[in-house]
Amino acid sequence: MSISPAEAMSFGPFLVGVVAVGCIAWVSTQWLRMRHGYPIENSWGKPMLPVGGGETLERVKLLSQENAQLRAELGSVKDRLSVLERIATDRKLDLDAQIENLRDLPSAKIN
């Protein structure tokens, strides 16, 4: 069972289409990876890391410090929110008694 040259030539556009679709799929996959922050992979599947030098490391350090500050601030905001929630949900009489107890405490002198 052999293929005639005319039949072989009819497979040409099909093969070109398959190769074109494969190339378009690869380019779109790489574009989506870059857009969403995933590392680009080389032909062996290993991530290709960008070479940014010291500038990239400085940026990472600054972002890490900012992240730590924001986490600390978020912790204090959560504490304040829990106090406000407790005040809002306590009964009025109980809240009045707590406020009066705080007024009766001796105030600390500030030097």
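Enquirer: Can you lay out the overall build of the chain for me, pointing to particular residues and giving the numbers?
Expert: What the chain contains, in helices and strands, is 3 helices and 2 strands. The order of helices and strands in the chain, counted from the N terminus, is α-β-β-α-α. Looking at the chain residue by residue over its 111 residues, the buried ones come to 1%.

Enquirer: Describe a nonpolar patch on the surface, listing the residues and the values that go with them.
Expert: A contiguous nonpolar surface patch, about 530 Å² in accessible area, is contributed by Ile 3, Phe 11, Phe 14, Leu 15 and Val 18. Checked against the element boundaries, Phe 14 lands in helix H1 (residues 5-35).

Enquirer: Provide a residue-level description of the side chain of Gln 30, including the pertinent values.
Expert: Relative to the helices and strands, Gln 30 resides in helix H1. Leave out the neighbours within four places in its chain, and Gln 30 touches Ile 40 and Glu 41.

Procedures and definitions
- Residues numbered from 1 in each chain as written.
- Predicted model: local features only at pLDDT ≥ 70, side-chain atom pairs only at ≥ 80, totals over all residues.
- Heavy atoms only, no water.
- Helix = DSSP H or I, 4+ residues; strand = E, 2+ residues; numbered from the N terminus.
- Buried < 20%, exposed > 50% of the residue type's maximum accessible area, 1.4 Å probe, protein only.
- Patch = residues over 30% accessible without salt bridge, like charges linked within 9 Å, V, L, I, M, F, W, Y side chains within 5 Å.
- Areas by Shrake-Rupley, 256 points an atom, 1.4 Å probe, with all protein chains shown as cover.
- Salt bridge = Lys/Arg side-chain N within 4 Å of Asp/Glu carboxyl O.
- Contact = heavy atoms within 4.5 Å.

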